[in-house]
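Analysis of the macromolecular model
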Amino acid sequence: MEYLKNIGWIALAVLCAVALAIVAGILNPAEEVNGLWLVVAAACCYVLAIRFYGRFLKGRVADLDDRRITPAHRLRDDKNFQPTNRLVLFGHHFAAIAGAGPLLGPVLAAQFGYLPGFLWLVIGAVMAGAVQDFIILVASMRRNGRSLPQIAQDEIGPLTGIATTIAVLFIVIVALAGLGLAVVNALSHNPWGTFTLAMTIPIAFLMGYYLQRFRPGRVDEVSVIGVSLLLIALFAGRWIAHSGLAPYFNLEKDSLVWLLAGYGFLASVLPVWMLLVPRDYLSTFMKVGVVGLLGIGVILMAPTIQMPAVTAFIHGNGPIIPGTLFPFVFITIACGAISGFHSLVSSGTTPKMLQCESHAMIGYGAMLMESFVGVMALIAATILIPGDYFAINTKLSADALAALGFPIAHLQELSQLVEVDVAGRPGGAVSLAVGMASIFSSLPGMKALMAYWYQFALLFEALFILTTIDAGTRVARYLIQEMGGQTFAPLKNLNWWPGVVISSAAVVFAWGYLISTGTIGTIWPMFGAANQLLGTLALCVGTTVLIKMGKAKYIWVTVLPMVFVGTITLTASYQLFFIYLSQAREAANASQAFSFQLDATLVGVVAVLAVIILTDSMIKWYGYLIQKKPYTTTEVGNEEFSRVSSHPVQ
């Protein structure tokens, strides 16, 4: 049996290599690439990564041991700390990390061609993103669920701790603004989508009470109820959109921004079991189901990738992303490959709910699932005729696009099929929904349902985004309470009601303001750069944690991706800083100029803080590894396993 297993793994590796060679144009370069090969190549890479690299991280690097008592048991309060079923927790974690990034980033990055985005999605997730998520989850789990800034302060020092806290707050607010803007653009003047999405909130409340009060532990029952009600809401949405109730859901951008802020506030202040966890679990059903269905559709239909492997825009001056391939493809892809935002979830809600240490592999597996979502989004966007893709994602005229070499082909027909004018709707959400609807409607008997598939795809995207917004707002609330608790002790209590309300309100106001004053062209690159910088910092903190775990020989697993991602994002931050200043000088009025100046300030401050943190950390590493200075660690647990002691690195 062992021999047969080895033969199977070798065969899978060969299939992976062949699929990657076809996608990259090494084999049969003259032939058009089929979307099927992207699915095969990505799936093979993920399976191999979990089997070999994931097992190495679990056994050799982290030494996961189920005899340790996790914070969910040790500090249980059934509000923030609560042992949670592994599948439910995977659903929560995946829903919390998988926001707009893996959906919209690959769609926007398709401007450069399908190949650069695909390679970074797969390689970046396996070697960087999943490693970051897993290491930070383990570090937080063994420190009573402490946040990333707390871990940085405890393990590296007060300078890095303060710098990390400020950087994280900036970054999480910018990230939430970038994610929120995408859902606002998709739901603007779309009563069908707005109604359906709004109904997920009462459905989540029902699921939370059902699982906590009415039928504890009956995950199967609540799953059937939640999914059934969600589908009913989807079909009812079309009736609402054509009824007298439509005006109540036909909302302007500003109204949607503050309704979204209100939802984020509720999700932040209510107990996790009441809204956050059930809604994330519900959306995960839909997310995983839709991604799986997309994969089946691609396998059955085998759609041809219409976008070239690379376009002329790799040198810059693209109509969607103005920068060059390096570094902008990396910060545009954002969460699909590595996301600093994930480190906030991995040191926020999830470590407080792990039943046992081995469940920390949720961190690695969920990131690979998110990467696959990004691959499917890339396929959905690139099967569109390039001219139609650019017509949806820009405000350029048909003549202007034709002059660029991308004439419009089927845009009017697509608008009729989905019952919405899709032209000139930048941001990626609409083009992704059109591409997904095209795949679904190409299945036998589905052509007449393309409008339903389009709204279903928008709901799918919006669920991704909102589940990140609710978890992100809650994590930011934790950070503000931790920071304020240094000067006002009651704020440290995460259940102190005045502190909960004030800190949550401050967070939602900040990201709501950025959404209301920004555009996808200003917020998304800033979000991507800031998010990747946070990923660099998380890998930096993870390196220190590994050293203090006595695993100095394995620090390459965090140092290599840290150096690569850090180089990319510091370069992008430098370029963005001057781009925003230039836009501020050319702004039409003082309000626009202030917005661009604020964007430049945010990017500049985060970049400076990142340099401070990296410098301080490397000085500490030199002391531990070269000078053999003793260290202390705040890792806690059962006495026979804890390493709360002082000793030099071996």
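Residues numbered from 1 in each chain as written. Predicted model: local features only at pLDDT ≥ 70, side-chain atom pairs only at ≥ 80, totals over all residues. Heavy atoms only, no water.

Along its length, the protein carries 25 helices and 0 strands. Whereas a compact globule of 650 residues would reach a radius of gyration of roughly 26 Å, the protein reaches 24 Å, a difference of no more than 12%. Projected onto its principal axes, the C-alpha positions of the protein cover 70 × 65 × 55 Å. Burial analysis of the protein (650 residues in total) assigns 60% to the buried set. Surface summary for the protein: the accessible area is close to 23,800 Å², and the carbon and sulfur share equals 66%. Of the side-chain charges in the protein, 36 are positive and 32 negative, and the distance between the mean point of each set is 9 Å. (Helix = DSSP H or I, 4+ residues; strand = E, 2+ residues; numbered from the N terminus. Rg over C-alpha atoms; globule rule 2.2 N^0.38 Å. Buried < 20%, exposed > 50% of the residue type's maximum accessible area, 1.4 Å probe, protein only. Areas by Shrake-Rupley, 256 points an atom, 1.4 Å probe, with all protein chains shown as cover. Lys, Arg positive; Asp, Glu negative; His and termini not counted. Charge placed at Lys NZ, Arg CZ, Asp CG, Glu CD.)

A cluster of like positive charges, contributed by K5, R55, K58 and R86, occupies part of the molecular surface. Considering the arrangement of structural elements, one finds K58 in helix α2 (residues 35-61). Look at K58 and you get partly exposed, because its relative accessible area is 34%. (Patch = residues over 30% accessible without salt bridge, like charges linked within 9 Å, V, L, I, M, F, W, Y side chains within 5 Å. Salt bridge = Lys/Arg side-chain N within 4 Å of Asp/Glu carboxyl O.)

On average, the protein scores 84 in pLDDT, and the residues at 70 or more come to 94%. Considering each helix and strand of the protein separately, the mean pLDDT is smallest for helix α13 (residues 276-301), with a value of 73, and largest for helix α6 (residues 114-141), with 95. Contacts from residues 638-650, a stretch scored under 50 in pLDDT, to residues over four places away or in other chains number 35 contacts. (pLDDT = per-residue confidence, 0-100. Contact = heavy atoms within 4.5 Å.)

So, on to the nonpolar core. Core analysis: the largest hydrophobic core is formed by 206 residues, its most contacted members being F134, Y364, Y454 and W511. Leaving out residues up to four positions away in the same chain, Y364 has contacts with A49, I50, Y53, G54, L57, V126, A130, V131 and F134. (Core = buried A, V, L, I, M, F, W, Y, C linked by side-chain atoms within 4.5 Å.)

Turning next to the side chain of T164. Relative to the assigned elements, T164 resides in helix α8 (residues 158-187). Residue T164 is classed as buried on the basis of its relative accessible area, which comes to 1%. In this structure the side chain of T164 is engaged in a polar contact, spanning 2.6 Å, whose partner is the backbone oxygen of T160. Leaving out residues up to four positions away in the same chain, T164 has contacts with L148, P149, A152 and I613. (Polar contact = N/O pair within 3.5 Å; in protein donor to acceptor, adjacent residues only side chain to side chain.)

Next up on the list: the packing of aromatic side chains. Applying the stated rule across the entire model yields 22 aromatic pairs. A ring pair is formed by F195 and F249, whose centres lie 5.3 Å apart and whose planes are at 85°; its orientation type is edge-to-face. Taken together, the residues span a long stretch of sequence, with F195 in helix α9 (residues 191-214) and F249 in helix α11 (residues 246-249) at a distance of 54 residues. With a relative accessible area of 12%, F195 lands in the buried category. (Phe/Tyr/Trp six-rings, centres within 6.5 Å; stacked < 30°, edge-to-face > 60°.)

The axis of α2 is deflected most strongly, by about 40°, at A49. Between a side-chain oxygen at the N-terminus of α2 and the backbone nitrogen of L36 the separation is 2.8 Å; the capping residue is N34. Immediately downstream of α2, the backbone of D63 shows phi near 50°, a positive value. (Bend = angle between axes of the 7 residues up to and from the residue.)

A few words on the packing of α6 against helix α24 (residues 556-585). Two numbers describe how α6 lies on α24: the axes approach to 10 Å, and their chain directions differ by 125°. Of the possible angle classes, the one that applies to α6 and α24 is oblique. Once α6 is placed against α24, the crossing between them reads as left-handed. For the pair α6 and α24, the contacting residues are W120, M127, A128, V131 and I135 in the first and V557, T558, P561, F564 and V565 in the second. By residue class, the composition of the contact of α6 with α24 is 9 nonpolar, 1 polar and no charged. (Axes fitted to C-alpha atoms, helices over the stretch in contact; angles between N-to-C directions. Parallel < 35°, antiparallel > 145°, perpendicular 65-115°, else oblique. Left-handed = near helix turned anticlockwise from the far one by under 90°. Nonpolar A, V, L, I, M, F, W, Y, C, P; charged D, E, K, R; others polar.)

On to the packing of helix α22 (residues 497-517) against helix α25 (residues 590-625). Packing of α22 against α25 brings their axes to within 11 Å, and their N-to-C directions diverge by 130°. In terms of their interaxial angle, α22 and α25 are classed as oblique. The two elements α22 and α25 meet at a crossing, and its hand is left-handed. Residue-level contacts link Y513, L514 and T517 of α22 to F594, S595, L598 and L602 of α25. Grouping the constituent residues of the contact of α22 with α25 by class yields 5 nonpolar, 2 polar and no charged.

With that settled, consider the state of the cysteines. In this structure the tally under the stated criterion is 0 disulfides. Cysteine C44 shares no disulfide, and the gap to the nearest cysteine sulfur, in C16, comes to 5.3 Å. (Disulfide = S-S within 2.5 Å.)

Turning our attention to the pattern of salt bridges. What the rule picks out here adds up to 9 salt bridges. E155 serves as the salt-bridge partner of R143, at 2.9 Å between the closest nitrogen and oxygen. Linking R143 in the loop between α6 and α7 (148-155) with E155 in helix α7, this pair joins segments that are 12 residues apart in sequence. Pair check on accessibility: R143 and E155 agree, each one buried. Residue K548 is joined to E155 by a salt bridge in which the shortest nitrogen-to-oxygen separation is 3.3 Å. Taken together, the residues K548 in helix α23 (residues 520-548) and E155 in helix α7 connect sequence positions 393 residues apart. A relative accessible area of 2% means that K548 is categorised as buried. For E155, a relative accessible area of 1% puts it in the buried group.

All right, on to the side chain of S347 then. Topologically, S347 is positioned in the loop between α15 (340-346) and α16 (362-382). In this structure S347 comes out as buried when scored by relative accessible area, which is 2%. In this structure the side chain of S347 is engaged in a polar contact, spanning 3.1 Å, whose partner is the backbone nitrogen of L148. Discounting residues that sit within four places of it in the chain, S347 has contacts with I136, S140, G145, R146, S147, L148 and K352.

With that out of the way, let us pick up a nonpolar patch on the surface. On the surface, a cluster of nonpolar side chains totalling about 840 Å² of accessible area is made up of M1, Y3, L4, I7, I10, V14, V18 and L27. Following the sequence through the fold, L27 ends up in the loop between α1 (2-23) and α2. Residue L27 is classed as partly exposed on the basis of its relative accessible area of 39%.

Okay, unusual backbone geometry next. Of note, the bond from F326 into P327 is cis; its omega dihedral lies within 30 degrees of zero at 10°. Position of P327 relative to the elements: it lies in helix α14 (residues 325-333). We note that N144 has phi near 60°; this positive angle belongs to a residue other than glycine. By the element assignment, N144 lies in the loop between α6 and α7. According to the relative accessible area criterion, N144 is partly exposed, its value standing at 23%.

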